Every structure is written in C-alpha cells, then in structure tokens.
Amino acid sequence: MAKREKSVMYVEEPEIGFWEATFVPAIVEGLRTTMKHLVSRETVTEQYPEQKPDLPLHYRGVHRLNRDEKDRVKCVACMLCATACPAHCITIEAAPAPKDWPDRDKFPQTFELDELRCIYCGMCEEACPVDAIELTHIYDLTGQTRDELLYTKDKLLNVFDKTRDNPRDPVRTGRGVLGPASEFQALPTLGPATQVATSDRSAKIGTAGVIESGTGNVTDGGARS
Amino acid sequence: MPTVLVNNQPVEIGSDERLNCIQAAAKAGVEIPAYCWHPSLSVVASCRMCLVEVGDKKPDGTVQMQPKLVPGCQTPVKDGTVIISDSQKVQEARKATLEYLLLNHPLDCPTCDQAGECYLQDYSFRYGRGYSRLQEEKNIKPDKDYIGDQITLFTDRCIMCTRCVRFTREISGSAELHVVSRGSHEEIDIFPGHPVNNKLAGNVVDICPVGALCSKDFLYQQRVWWLKSADSVCPGCSTGCSIKVDQNEDQVFRLQPRPNPLAQGHFMCDEGRFGWKYVHSENRLTTPEHRSNGQAIARDWDTVLTSARAALRKAAQSGPGRIAAVLSPWMTVEEAWLLASFVKAIDPKATLSIGNTRTTALDDHYPKDVKGRVVEPVKFTIRAEKAPNRRGVESVIQHFDGDVTPFDETLRLATEGRFKAVYLVGGDPEGWISDLQAEAFSATDTVIIQDFLPSPVLKHATHVLASGTFVEREGVFVNHGGLAQLIRKSIRTPNDSRPDQRILWDLSERRGLYHGETVRSEIAMAVDSLRELTNPLLAENGVMLNRSAEPAGVTA
C-alpha cells in the first residue's frame, strides 16, 4: 500500500470561475479563429498530384541498398538491421564473399525487404555498421501485387542507382567496410568508449588517444575528420 | 573442510577436490575470466587473462599475499588460500591483457559468426578498457584456405589460446593442429597434407573462445542471438552425449555438446554433431494414413487412430498372442511404457520385442595415437551401438515379459502367420528393417507403423502414424551405462505429423494432453529398475538408474 501511495500523485480539479462556467470566453475564442480563416486569402490546401510536397530532409521513405566505390553491394550481411527491425520485414541470406572480394568475408546472397510490412522507423539505417541501408525520400510507393513490393537486393540497389544523384538523398556517409573502427589505414586516435578513472595508469600517460586526466577531453591526433 | 577465501568470502571445498583458483572462485559465484584454460584440457597459462592476487592465511590469522599476480588456472587452492580477483591491481592487469589480445584482432564483429557468444566480446565489455592505444596498422594474417572438411580458420581473429591445439593432441590424439612462427607472427596451422578431419574435429569450434575456428556447416546461417536452445541428448549412439539443440523458427541449425560429467564430459563426436540433417529431410512422413489395399482411405488422426485401435482390439479377440509390438531402441522410456502397457492391456499374451539395434564393429575410443592405437586413459568413446535407448526400452519390456523377444524371433513368428496385428515402431534414420525382413509382414492383416521416414515395410502398412524425431519429442533416454537423461522438445513436428508420445497417449485413450511427469511417476511406481525417474535431478545432468553401479559413462 505504501508503495502505491508513493507512486500516486493526486491532482485537484481547478476551481471554475463565473465567466468560465458560462463558456462565453471559449465560444468567442473559437469564433475568432473561424472568422480569421473566413476573411484570410491565404491557401492552405496542397494540390497534391500536381504539386509535390516539400518533405523535410529527415523524411523516411523507401529503402535503398548502397553500393561501394567498386559498385558492389555495400552490405556485409551482418543482419543487424534484421535484428533491429521491429516489424521483422528484413530477411537476409548470407554467404561467403566471392573470391575476388579480398576485403570481405561475407556478403548478402539474398536481401529481401517487405515494404508493406515495414513501418519506416529507420532503425535499420541506424543499426547498419557500414551505412549500407538508407531510407530515401521516395514516398509514393505503389504496386499491384504484394510480390511487387517485396523488394529484393536488385530492386533495392536500383533504388540507389535512381537516387544517388538526388541532392535530397545524399549518400550520407563514406564509411569503410565495417565502420570507422575497421579502417586500419587511417585509424583515428581513439577516445575512450567507456569512462576511465583518472587514477587509471593509462589516463596518466601523455600519448595521443588518451584522455587528459581530469578533463575527459580527447587529445586528438588529427586523423579523425 | 578446507576453506578458501575468495574476495573475503569463505568457500568450502571438498577435502578430495583438486581445484584451481578459477574453479574455487566459481564455487563462490565469482567469475575469473580465462581464455586458454579449459576444464578438460591441460593447463598452459598462456593467455594471462586469469591473473589474480593469491595469498595464504597463516594459522595465526595473518594473511601473506604473493608479491606478483599469478595465473588462477595454474594455481591450486588449499585450506587457507586467499584469492583476490576484484582489486584495482587485478582489474588493471585484465585491462592491459585485453588491450594486448585485441592489438591484432580485427574489429569485424558484425560479420563474425561468434559475435554474441564470443568471450572476447564478453570480457572486453566486462573487464576491458574500451579503447586501444595502438597507432600502427594491425597485423592481419590471411585466412587459411582449407584446414578441414568441417571447420574453417579465420587466422586473423585468433588470440593464440591454443585450446584447439591441445584438444587435437590430448582428446582426439590426432595432433593435426599446431602453432607456427613466434611472437606477433604466431599462427595456428595444420601440417601439410594432414587436415583436421578426425571424428571429434567439430569440438575445436566449440572450444575456440573467439571466432577463429568456425563450423562450415553453420557458417553464416544464423546470428547466434536468434537461436533458442533446448537441453537434449544426442541419439547418435548409446553414449548419450548431453547436447543443446539450437533452433530458430522450427529449423534446427546446430547441435552443441552440453558439459555433463555423468555422460560424456565436454565434447561430442561429429557423427552426432552433424547427424541431425534427417530432421528436415524431404522424405519425412507428414500425414497419418489408413490404407486399404495400398490406397489411403483416411488421412486424419481421429480416424486413423480409432481404426488402428479397433484393429488391434479385433486381433486380440481372435485369440491370445495374436498381437506383436516391435518397440524401437530410439523410443523414449515413456513412449515404450505407453505402447507396452496399451498392448498388454488389450492382450496380456501379446509379444513385445525390440527392433533392430544398428551396431558397428567396435567402440571407438579416443585419444588415438598416430598409428590409430588407443592411448590410455580413454577420454571419449563413440559407442558401437548406434541407438540411444536400448537399455531403457528393454527395462520396460522386461517389466511386462521378463525377457525380451528378439526381433528375429518376432519376424519368424510373423512369417508363420502367428500375428493378426503388429505394431512396428521405427526411428532409426538410417533404416531399421531390410527388404527381406519387411516381407515377414506381407501376410499380416494389420500392420501399424509409427515412423518418420519411409522404410521397406511401409508397403505392407495398413496404418501409418507419422511421428517425430528426437528434437520434436520429450522423454527419457537411458544410455549404455544406465544414465537416464531428459530429451526436450525444441521444434514442432512438420505438417500433420505428431510427436510419438502424443500419438501413444491418444492411442491408449488417455484424457487430456500428454504429461511426461505423470507417465514417469507411473513408471517409477511400477518398474523397480526405473524408480529413479521421479528424481528431480533428471532434469539437470540426469540420474544413474543403478545407484550402486559405477557411473560407467564418465570418460572425460
């Protein structure tokens, strides 16, 4: 019982005054808005098919699978998007990468994304460690059968080809094979991912990539751009 | 009782127990991380992950600590040993060790099969520093093209714990793997022309704490965090290895050994590990059938079971001893009990027999030396008897009949036309009856077959009861040494087939749903040799049915 008392907050209903009880001020306020729209000449209706909406830059539409600089699919089939997906709309079958892809162990043999089941939350994009899957601005998705909207790897790559030059859908990042940490050529000086006590021996060594004791700042070697 | 102090917490150890610091700490619920130490392998203390502070409590109460950190895996404990694993000194040592182990380890967790069950991930998360100070390029070694039929080696992920090397030297004895080069250039490799193809090779994948050794069979099939596992028992031979069945969405992906000192130890053989593929065979019997003159006339369970029951009753009415039931050594004890008690209730003179138990020539003992000779002490045995539960089924039959009618005798009687109805239970995926043996039942009026794969006798069947494999059933298997272990249901039976215990429960007209514990307590009451089945320990490592007997299954 005591626990419940703690978690409950009692709110008193505010006292209603005389004018409020007559409802006249509320009615007048409402009529004022109506009159404003009646006399104003400003158009608020969008003539949709002729006039396309101006979508915000973070709009989440149809997905695309990005290609890397050699035009291969960027996806490494880690299936983190499928894990993150709350609608379970992504199905990936992985396979060992072809022999002439020396920088990869694994690639997606098939990649299926059910655009009808998808809720366009963007979690796949966020989960992707290589920025292979992105949501574009394409919103007018239509099809005549369910199969048409079951997007395969080829279809998703096509979306990329269509949208790669669209300024509204920039290829947002240029990350490497497995995220920034895997690029050994330009390994950035790393800040601590976890908190390190200032008494930690490592925190007292004045080499790059170590937090300065007490401040928590990263001494940047300049490699991270 | 000797007492050890682990982080100021007293732990009592048995006076005859020989434990190291890691095991003693585990008794206190304290984890000491380790890579190279494995309870079944020799100690090398090479990974330095288990460094702890160790000291001694003198009789006068003073504690004298050793000045340096010592590897916990290599330090035995005795009465008065003091282990400290949570001091700043130890934590710093762990951070340094992990940073060192990760120097050349690629950050390819997203594409690594081990991610999710990787000790490097777990320990980095729990004890690691969280960042690296390495400024140079990582030393990435090329993957090996081929080191075995079932395993792959991602050389760059290896942390050189040498568990696999010690496994092939000490458990399989074949010693295919070794370490080449020194220092930063160290690699695991095979001797040229000697790939790791011994019968225990799959175990090196399990004991690899990182993703360096992967199973080709499982490679890239699933992310491990999608798998759901159920504890079970391998049905491949009468050793009865404790296993975990990993499945997702009714598809089995792999079997892994579950450490069980009573059964097999820590390992399992490749025959069992990769021998489950028949579970998803396209030839599976998936619908029950009632056949007349070779044509199916009914395909629903109600009709088929009712008519099978009626046919058995009719045969019983024509005289005593006109029914035979051939139980399978692949059945669980419960299934055998349900079937035997049902048949005996209809006809007390019915013949109970046990089907063909496939056997190879000899038990296969490991380790073996280069010339294939067994080296004592034996650490792992693949039994010649390729059925999981002959002992359990036989004890049930012995309860009813005193002795077990041999299969050949049943066949002879069937050929003579003694039986009007037979109930045959299959279960051996590699075939349990030959064409010639099947002919014995060509003249029998009612042939009820409970099986999940087609067999030669299917053409004489009047009733086909499509049943389940070991991953779809639950019950008890009794191994060669009398160890009873539970198998658990991990996936559903395909299409319209049903798990055996449910078929037999419905056939014997019991009410409600199958309930294993009810059947087990029934068996324990009736059969003296199986009275241990109600022991709650059954759900864990299993129980020895004959308490006084030595646990003959202990090997590793």
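Everything numeric in this text was worked out from a predicted model, so none of it was measured.

1. Describing the overall build of chain A
Point 1. When helices and strands are counted, chain A shows seven helices and five strands.
Point 2. A total of 225 residues make up chain A; the buried ones form 32% of that total.
Point 3. Accessible surface, chain A: about 15,300 Å² in total, of which carbon and sulfur atoms supply 55%.

2. So, the overall build of chain B
Point 1. Secondary structure summary: chain B contains 13 helices and 25 strands in total.
Point 2. Across its three principal directions, the C-alpha atoms of chain B cover 85 × 55 × 45 Å.
Point 3. Counting over 556 residues, chain B shows a buried share of 58%.
Point 4. The contacts of chain B with a sequence gap of at least 6 include a subset with a gap of at least 24, amounting to 66%.
Point 5. Charge separation in chain B, taken as the distance between the mean sites of 63 positive and 70 negative side-chain charges, equals 2 Å.

3. What to know about the side chain of Asp451 of chain B
Residue and element names in this part refer to chain B.
Point 1. Tracing the backbone through its elements, the reader meets Asp451 in strand β21 (residues 446-451).
Point 2. Notably, Asp451 is buried but unbridged: the nearest opposite-charge side chain belongs to Arg473, and the N-O separation is 7.9 Å.
Point 3. Of note is the side chain of Asp451, whose polar atom sits 3.2 Å from the backbone nitrogen of Gly427.
Point 4. Here Asp451 is in contact with Leu285, Gly426, Gly427, Trp432, Leu465, Ala466 and Ser467, once residues within four sequence places are set aside.

4. Description of the pairing of strand β17 (residues 351-354) of chain B
Point 1. Taking every second residue as pointing to the same face, both faces of β17 of chain B are buried, with Thr351 and Ser353 of chain B on one and Leu352 and Ile354 of chain B on the other.
Point 2. Between strand β16 (residues 323-327) of chain B and its parallel partner β17 of chain B, the chain crosses via helix α8 (residues 333-346) of chain B, and the hand of that crossover is right-handed.

5. Brief notes about the nonpolar core
Soluble globular proteins tend to bury their nonpolar side chains together.
Residue and element names in this part refer to chain B.
Point 1. Counting 58 residues, the largest nonpolar core has Tyr35 and Leu177 as its most contacted members.
Point 2. Here Tyr35 is in contact with Cys47, Met49, Leu98, Leu101, Tyr119, Leu120, Tyr123, Ile159, Cys161, Arg163 and Pro209, once residues within four sequence places are set aside.
Point 3. By size, the runner-up hydrophobic cluster in this structure holds 49 residues, among which are Ala325, Ala336, Tyr423 and Leu507.

6. Looking at the pattern of salt bridges
Residues and elements named next belong to chain B.
Point 1. Counted by the stated rule, this structure contains 51 salt bridges over all chains.
Point 2. Between Glu271 and Lys386 there is a salt bridge, with the nearest N and O atoms lying 3.2 Å from each other. Linking Glu271 in helix α6 (residues 270-273) with Lys386 in the loop between β19 (380-382) and α9 (390-401), this pair joins segments that are 115 residues apart in sequence.
Point 3. The salt bridge involving Arg299 is made with Glu289; its shortest N-O contact spans 3.4 Å. Of this pair, Arg299 sits in the loop between β15 (295-298) and α7 (301-317) while Glu289 is found in strand β14 (residues 289-292), placing the two residues ten residues apart along the sequence.

7. Quick word on the pairing of β14 of chain B
All names here are of chain B.
Point 1. Where β14 and strand β22 (residues 463-466) come together, two bridges link them in antiparallel fashion. In the sheet register, Glu289 faces β22, and the bridge partner there is Val464.
Point 2. Relative to β15, β14 is paired through three bridges, and the arrangement is antiparallel. Across the sheet, His290 pairs through a bridge with Ala298, a residue of β15.

8. Overview of the sheet that holds strand β24 (residues 483-487) of chain B
Residue and element names in this part refer to chain B.
Point 1. Taking strand neighbours across the sheet as the criterion, the three strands line up as β23-β24-β25 in an open arrangement whose pairing is antiparallel. The two strands at the open ends of the sheet, each matched to only one other strand, are β23 (475-478) and β25 (543-544).
Point 2. Examined bridge by bridge, β23 and β24 share four bridges and lie antiparallel to one another. What sits directly across from Phe477, in β24, is Gln485.

9. Observations regarding unusual backbone geometry
Residues and elements named next belong to chain B.
Point 1. At the junction of Tyr366 and Pro367, the peptide bond is cis and its omega measures out at 5° in the coordinates.
Point 2. Its place among the elements puts Pro367 in the loop between β18 (364-366) and β19.
Point 3. In this chain, Glu376 is followed by Pro377 through a cis amide linkage whose omega measures -5°.
Point 4. Here Pro377 shows up in the loop between β18 and β19.
Point 5. A positive phi angle, close to 65°, is found at Arg48, a residue other than glycine.
Point 6. By the secondary structure assignment, Arg48 is in the loop between α1 (21-27) and β3 (51-57).
Point 7. Positive phi, close to 50°, is recorded for Glu249, a residue that is not glycine.
Point 8. Note that Glu249 resides in the loop between β12 (242-248) and β13 (251-257).
Point 9. Of the residues examined, Glu249 reaches a relative accessible area of 69% and is grouped as exposed.

10. Comments concerning helix α10 (residues 407-415) of chain B
All names here are of chain B.
Point 1. Among all positions of α10, only Phe407, Thr410, Leu411, Leu413 and Ala414 are buried. End-on, the buried residues of α10 take up no more than an arc of 165°, which puts them together on one face. Across from the buried face of α10, at angles greater than 90 degrees, the exposed residues are Asp408 and Thr415.
Point 2. As for α10, its buried residues are in contact with β16, β17 and α11 (435-438).
Point 3. Gly417 sits one or two positions beyond α10 and adopts a positive phi of about 80°.

Conventions used here
Residues numbered from 1 in each chain as written. Chains lettered and ligands numbered in written order. Predicted model: local features only at pLDDT ≥ 70, side-chain atom pairs only at ≥ 80, totals over all residues. Heavy atoms only, no water. Helix = DSSP H or I, 4+ residues; strand = E, 2+ residues; numbered from the N terminus. Buried < 20%, exposed > 50% of the residue type's maximum accessible area, 1.4 Å probe, protein only. Areas by Shrake-Rupley, 256 points an atom, 1.4 Å probe, with all protein chains shown as cover. Contact = heavy atoms within 4.5 Å. Lys, Arg positive; Asp, Glu negative; His and termini not counted. Charge placed at Lys NZ, Arg CZ, Asp CG, Glu CD. Salt bridge = Lys/Arg side-chain N within 4 Å of Asp/Glu carboxyl O. Polar contact = N/O pair within 3.5 Å; in protein donor to acceptor, adjacent residues only side chain to side chain. Right-handed = clockwise from strand over helix to strand, strands pointing away. Core = buried A, V, L, I, M, F, W, Y, C linked by side-chain atoms within 4.5 Å. Pairing = 2+ DSSP bridges. Arc of directions from axis to C-beta.

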